[in-house]
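One-letter residues, chain by chain:
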Amino acid sequence: MSDKQESPQADEHAPARVTLARTMNLFHITMIGVGAMIGAGIFVLTGIAAGKAGPALAVAFVLNGVVTSLTAMSYAELGSCFPEAGGGYLWVKQGLPGPNGFLAGWMSWFAHVVACSLYSLGFGSYLLETLSSVGLVPELSPATAQVASKVAAVAVVLLFTYINYRGAAETGAAEGFVTIAKLAVLGLFIASGLVATFTRPDWKANFTPFMPMGGGGVLMAMGLTFIAFEGYEIIAQCGEEVRNPKRNIPRAVFLSLVLTVPIYVLVAIVCIGGIRTEGGIATWQWLRDLREPELGVVEAARQFMVGGPGIGAALLLIGGLFSTVSALNATVYSSSRVSYAMGRDHNLPTAFARIHARRKTPHIAIMASAAIIIIMALALPIEKVAAAADLMFIFLFLQVDLALLALRRRRPDLDRGFRVPLARVTAFVAVLTLMVLAVYLLKDHPVSFAYAFGWIFIGAVIYYAYARPRERAARVSKVVFAKVHDARPEYTAIVPLANPAHVPNLMAIASAAAKRQGGSVVALAVVQVPAPTPLDAAVPGVESARRVLDLAVAEGKRWDVPVEAVVRVGRDISNAILDTIEQWEANLLVMGWRGYTRDSQRVLGTTLDRTIRRANCDIAVLKAGEPLPGVAGDAGQVIKILCPTTGSRHGRLGMDLAAGLVALIGGHTHYLHVIPPDGEPAAGVENMQKAGIDVEVVHSTNFQGTVVREAQSRDLVVMGAARGALLPQLLFGTKTESVARATEKAVLLVKRHPGLAAATLREMFRPLEPDEIAAYEEHQ
């Protein structure tokens, strides 16, 4: 054996949390949301989407408005109670376990950066077309035009990077001016188109057949244009810089949708109805077959907009410039806020969280996002990657809808400025519709799925290699003494110890399990350290903890089981135990407790409840006031065990532990199966009987009374958790816990680890403990 001491994991004297200045009002954030929604999507994607949905393009926009409104309600509620930079990333990190939070931020950052690259290229194309239409630029070859367009894209990204660097108020003011200008252009376009449509006697012919590509075409158009409706994610990114966010964020979310969805629908109607074609070709086909279908609305303006073909097209080109500029401005802002929040949470390098001393803006995050935007605009096939951004937003919105449900359960204490009506139904329908859109995007853009999942895979690698270790270090738990074996066995039982009087019983149970599996025991002592004290300081209590572990090592020698001794210091006892379970990849956790609490929110006590709910291994919890027979060193004593069972997986774990104790100490186990008077034995019990195990079957309507009566002549009751015990207030199930409460005998409650899927669901909907909430608020 060798002594090992772990070096400090993190700097305990971290700087105070930095925040952004609240300088934006309702008008600013509404204009940012509207600017993002009425961006390149309406100018670039309308003609392309018409080729997929036909005259039903307006229906696609209406349905997209309905679908996005469901998730928008989740954004309104969560944005009102978490008014911080980060948006959906922050909420998913709070609501969903494991890597979900990191991946939400990672996908959000990618989606905003790619969308911004698309908008910058759209600006370059519209600028070149505008200058060409007024004779300021001669006709260029395709290669030269592409280079010129990319140069313009880089220039506009640099311009709005500087505007964002200057400050949030400048960003909001610029967005307000640009958004109002393009709304005026679109208003003129729509009015001209409505006149052109309804002054034609045969205008209905342009809408017949209404769905030439069927419902699938409508869904493909919805998936293609869904990126246009992500403005409320950008509004959420403003949370930390908004005045009165509890009131203004929900209002801005709904105002942006009310303003933009009708505009999309009207633009679709006039593009289909106002255009006149030759040769009997349908309008939607004419838009699809244009040499540059992304300029479909410009071609429509040439036909019907006031001022004639030249002025109409020029106005639309100017509107396109305003739209791409405003969307670009909003996405430069939002992409930097996501990376800033991830840097502040140690998921990205902390440089991303730096705030400029004078400008009060996250200048490093802004510049990093701008660099990626420029690289993508110059080097990548942006059309395909833009479809991947659609997928990223869909995946992010899925996570946010699930986080809404989880946080309703976990954080009922939050002060919500808005509450989603019928939240379960609303979130379920939102998730279902988003999944349908994702399927149709896969059908229409399979290469984009490869881009999306490639980015997610890279994010997963970064999370497990970089972000997760930093999160664990920030959780603040550290080994200060360890006496461990060089070779670690495949089976490990961990025993947290504090009271010397409990050492014999707990070590006997852990030793029985480890010996039966050919493994070892880790005896753990946790010394709690208050927040102001650095973990690497001289902490009182370590020496007394080592003395308790010396007793545990002696017990291991007595039972001929290898024992490793670990002293860990940390802010929170439960987290320290969970860290040890993860570090040793433990198979079993053995803990002791004095009895049930009177607090309706806690069953066994704060540390036990939290540890049992979150432990990634099997659980055994012992309630025993006195040493068990044969454990205290009394020669010749044996143990008599009662093991009520149904043959379930929890019951089989109890049988294994009971058999291990009998093999270690000596004694006998009596198996009991209680069923209703007209019931049949459980299949697991019948299998036990077929295997030659003697199980007493008792017909009774009183499970608790029967078990308590049978326990009177035994020393220990070993019980597995009841099936389906996933309710947050019940750790082992109603029947099991009723017996533990009623009997004065020693009781060992056991529970199998539920597996990854069930554990994830349980963690998602587990209410946070008061001290977990306090720890989060202290971290924030």
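Provided above is the structure to which this section pertains.
The paragraphs below set out a description of the structure included in this document.

Thresholds, definitions, all that
Residues numbered from 1 in each chain as written. Predicted model: local features only at pLDDT ≥ 70, side-chain atom pairs only at ≥ 80, totals over all residues. Heavy atoms only, no water. Helix = DSSP H or I, 4+ residues; strand = E, 2+ residues; numbered from the N terminus. Buried < 20%, exposed > 50% of the residue type's maximum accessible area, 1.4 Å probe, protein only. Areas by Shrake-Rupley, 256 points an atom, 1.4 Å probe, with all protein chains shown as cover. Contact = heavy atoms within 4.5 Å. Core = buried A, V, L, I, M, F, W, Y, C linked by side-chain atoms within 4.5 Å. Axes fitted to C-alpha atoms, helices over the stretch in contact; angles between N-to-C directions. Parallel < 35°, antiparallel > 145°, perpendicular 65-115°, else oblique. Nonpolar A, V, L, I, M, F, W, Y, C, P; charged D, E, K, R; others polar. Salt bridge = Lys/Arg side-chain N within 4 Å of Asp/Glu carboxyl O. Pairing = 2+ DSSP bridges. Right-handed = clockwise from strand over helix to strand, strands pointing away. Polar contact = N/O pair within 3.5 Å; in protein donor to acceptor, adjacent residues only side chain to side chain. Phe/Tyr/Trp six-rings, centres within 6.5 Å; stacked < 30°, edge-to-face > 60°. Patch = residues over 30% accessible without salt bridge, like charges linked within 9 Å, V, L, I, M, F, W, Y side chains within 5 Å. Expected span 1.5 Å × (residues − 1). Left-handed = near helix turned anticlockwise from the far one by under 90°.

This part is about the overall build of the protein chain. Counting its regular elements, the protein chain contains 27 helices and 12 strands. Put simply, the protein chain has 780 residues, and 58% of those count as buried. About 30900 Å² of surface is accessible on the protein chain, with carbon and sulfur atoms providing 60% of the total.

Attention shifts here to the side chain of S336. One can find S336 in helix α13 (residues 308-344). Excluding its chain neighbours within four sequence positions, the residues that come into contact with S336 are A365, I366 and S369.

On to the nonpolar core, then. Counting 151 residues, the largest nonpolar core has W91, F189, V267, V297 and I394 as the members making the most contacts within it. Per element, the largest residue contribution to this core is 16 residues, and it comes from helix α15 (residues 382-410). The residues contacting V267, other than those within four sequence positions of it, are I42, T46, L186, F189, I190 and V297. Of all hydrophobic cores here, the second largest spans 52 residues; its members include V521, V527, A545 and L628.

We now examine the packing of helix α18 (residues 503-517) against helix α22 (residues 649-665). Following both chains from N to C, one finds α18 and α22 inclined at 95°, their axes separated by 8 Å at the closest point. Taken together, the axis directions place α18 and α22 in an arrangement best described as roughly perpendicular. Facing A508, I509, S511, A512, A513, K515 and R516 of α18, the residues of α22 in contact are D656, L657, A659, G660, L661 and L664. Among the residues making up the contact of α18 with α22, the classes are represented as eight nonpolar, two polar and three charged.

Within the structure shown, the criterion is met by 10 salt bridges. In this structure, R200 and D202 form a salt bridge, with 3.6 Å as the shortest nitrogen-oxygen distance. On the basis of relative accessibility, which here comes to 43%, the residue D202 falls in the partly exposed class. Measuring nitrogen to oxygen at the nearest pair gives 3.1 Å for the salt bridge that ties R752 to D618. Of this pair, R752 sits in the loop between β12 (746-751) and α26 (756-764) while D618 sits in strand β7 (residues 618-623), and the two are 134 residues apart along the sequence. Within this structure, R516, D618, D656 and R752 form a network of salt bridges that share partners.

A few words on the pairing of strand β4 (residues 520-528). Counting buried positions over the nine residues of β4 gives seven, a clear majority of the element. In the sheet, strand β3 (residues 492-496) pairs with β4 via five bridges, with the strands oriented parallel. Residue A493 lies in a different strand from β4, and its bridge partner there is V521. As for the winding sense of the linkage, the β-α-β connection from β3 through α18 to β4 is right-handed. Sheet topology note: the β4/strand β5 (residues 563-570) ladder contains eight bridges and is parallel. Residue A525 lies in a different strand from β5, and its bridge partner there is V567.

What follows deals with the pairing of β5. Counting buried positions over the eight residues of β5 gives eight, a clear majority of the element. Alternating residues of β5 divide into V563, A565, V567 and V569 and E564, V566, R568 and G570, and every residue in both groups is buried.

Attention now moves to the environment of S544. Relative to the elements of secondary structure, S544 occurs in helix α19 (residues 542-558). For the pair S544 and A498, spaced 46 residues apart in sequence, the C-alpha separation works out to 9.3 Å. Within the local environment of S544, its side chain forms a polar contact with the backbone oxygen of G541, the two atoms lying 2.9 Å apart.

In this structure the tally under the stated criterion is 23 aromatic pairs. Ring centres 5.1 Å apart and planes at 40° place the aromatic pair F229 and Y264 in the tilted group. Linking F229 in the loop between α8 (214-225) and α9 (231-237) with Y264 in helix α10 (residues 245-273), this pair joins segments that are 35 residues apart in sequence. The class of Y264 is buried, set by a relative accessible area of 0%. Ring geometry for F395 versus F453: centroids 5.8 Å apart, planes at 50°, classification tilted. Of this pair, F395 sits in helix α15 while F453 sits in helix α17 (residues 446-474); the two residues are 58 residues apart in sequence, bridging distant segments of the chain. With a relative accessible area of 44%, F453 lands in the partly exposed category. One aromatic cluster is present, formed by F102, W106, W109, F110, F352, W455, Y463 and Y464 through successive ring pairs.

Moving on, we come to a nonpolar patch on the surface. Residues L422, V425, F428, V429 and L432 make up a contiguous nonpolar surface patch of about 510 Å² in total accessible area. Considering the arrangement of structural elements, one finds F428 in helix α16 (residues 423-444). With relative accessibility at 55%, the residue F428 sits in the exposed group.

So, on to α8. Residue pairs three or four apart in sequence face the same way in an α-helix, which turns once every 3.6 residues. The first and last C-alpha atoms of α8 sit 17 Å apart over 12 residues, in line with the 16 Å expected at 1.5 Å per residue. G217, V218, M220, A221, M222, G223, L224 and T225 are the residues of α8 that are buried.

Let's shift gears to the side chain of S117. Take S117: it is sitting in helix α5 (residues 100-133). Given a relative accessible area of 0%, S117 falls into the buried group. A polar side-chain atom of S117 sits 3.0 Å from the main-chain carbonyl oxygen of I373.

With that settled, consider α22. When the terminal C-alpha atoms of α22 are compared, their 24 Å separation across 17 residues agrees well with the 24 Å that a helix rising 1.5 Å per residue should span. One or two residues past the end of α22 sits G666, with phi positive at roughly 100°.

What follows is about the packing of helix α3 (residues 57-81) against α16. Running from amino to carboxyl end, α3 crosses α16 at an angle of 130°, the nearest separation of the two axes being 9 Å. The angle between the axes of α3 and α16 places the two elements in the oblique class. Note on packing geometry: the crossing formed by α3 with α16 is left-handed. Counted together, N64, V67, L70, T71 and M73 of α3 and T426, V429, A430, T433, L434 and L437 of α16 form the full contact between these two elements. Looking at the contact of α3 with α16 residue by residue, the class counts come to seven nonpolar, four polar and no charged.

On to the environment of V218, then. Counting through the fold element by element, V218 comes out in helix α8. V218 sits in the buried class, given a relative accessible area of 4%. Along the sequence, V218 and Y440 sit 222 residues apart, while their C-alpha atoms lie 9.9 Å from each other. Apart from the residues lying within four places of it in its own chain, the contact partners of V218 are A53, A56, A60, L63 and M211.

Glancing now at the environment of L183. In this fold, L183 is placed in helix α7 (residues 168-198). Judged by relative accessible area, L183 falls into the partly exposed class, the value being 24%. Spatially, the C-alpha atoms of L183 and G319 are 8.1 Å apart, while their sequence positions differ by 136 residues. Discounting chain neighbours no more than four positions away, the residues touching L183 are I38 and I263.

This next bit is on unusual backbone geometry. Leaving glycine out, the prevailing phi sign among residues is negative, and the prevailing peptide bond configuration is trans. T208 connects to P209 through a cis peptide bond whose omega is -5°. Within the secondary structure, P209 sits in the loop between α7 and α8. Backbone geometry places L422, a non-glycine residue, at a positive phi of 50°. Among the secondary structure elements, L422 is positioned in the loop between α15 and α16. Residue L422 is classed as exposed on the basis of its relative accessible area of 68%. One non-glycine residue with positive phi stands out, namely E585, at about 50°.

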